[in-house]
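Residue-level structural notes
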Amino acid sequence: MKYLFVVSSVILMTLVSCKMDAPYLAYSNVAVDITEKFIPESGIINQPVTITAVCSAPNGCWKQLRFVFTEKDNLKYDFYAVGSYESYGICPEVMVTKDTLITFTPDVAGKYVITTRMTPEIIDRDTIVVTAGTR
């Protein structure tokens, strides 16, 4: 009789304690696609150069999309977009987008190379030729 009570108690506790909720997933700083960009072909020393871009993520579990523009080396820059992903199992069927204007001021003449991670498979390299300007 005791054995039957223990077995039924264990089964009952197992069934009650099992949660059938959807899994919770959260990631931060995950790369997202840059869907549009404009990088000018030329610039002038000590004059602002403006880069525009749009990034997107495929569903409503994405948030806090942002762009990263960093100097990698002398006259070489990396450009990409990241976001945070948080899901409780179901994501709203909406496209999440973000746009940006990035301005930097070149201080020396030369060919500035901007490496942009568009998607995991596509990486673009654009060159901005910066000159001293007209006199």
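Structure's up top.
The numbering scheme is per chain: residues are counted from 1 as the chain's sequence reads. Under the rules for a predicted model, residues below a pLDDT of 70 receive no local features and side-chain atom pairs below 80 are neither given nor counted, while totals for whole chains, interfaces and linings still include all residues. The basis for every side-chain value is the complete set of non-hydrogen atoms in the structure, without hydrogens or water.

Quick look at the overall build of the chain
Per the convention used, a helix needs a DSSP run of H or I reaching at least four residues, while a strand needs a run of E reaching at least two, with both numbered from the N terminus. Looking only at helices and strands, the chain has one helix and eight strands in total. Each helix and strand of the chain, placed in order from N terminus to C terminus, yields the pattern α-β-β-β-β-β-β-β-β. Within the chain, the fraction of its 135 residues that count as buried is 30%. Any two residues whose heavy atoms approach within 4.5 Å are treated as being in contact. Across the chain, the fraction of contacts at a sequence separation of at least 24, relative to all contacts at a separation of at least 6, is 64%. To measure how exposed things are, a 1.4 Å probe is used in the Shrake-Rupley method; for residues, cover is taken only from the protein chains shown. Working note: accessible area of the chain is about 9,400 Å², and carbon and sulfur atoms make up 58% of it. For each residue, the accessible area found with a 1.4 Å probe, counting protein chains only, is set against the maximum for its type, and the residue is called buried under 20%, exposed over 50%, and partly exposed in between.

Some details on the pairing of strand β3 (residues 49-57)
Two strands are said to pair when DSSP picks up at least two bridges between them. Note that strand β1 (residues 25-38) and β3 share five bridges and pair antiparallel. Pairing of Glu 36 across the sheet is with Val 54, part of β3. With nine bridges joining them, β3 and strand β6 (residues 96-104) adopt antiparallel strand pairing. By the bridge assignment for β6, Thr 52 is matched with Leu 101.

Considering unusual backbone geometry
Positive phi, normally seen in glycine, also occurs at Asn 46, with a value near 60°. Relative to the helices and strands, Asn 46 is located in the loop between β2 (42-44) and β3. With a phi angle near 50°, Gln 64 is a residue other than glycine that sits in the positive phi range. Residue placement: Gln 64 occurs in strand β4 (residues 62-73). Residue class for Gln 64 comes out exposed when judged on its relative accessible area of 53%.

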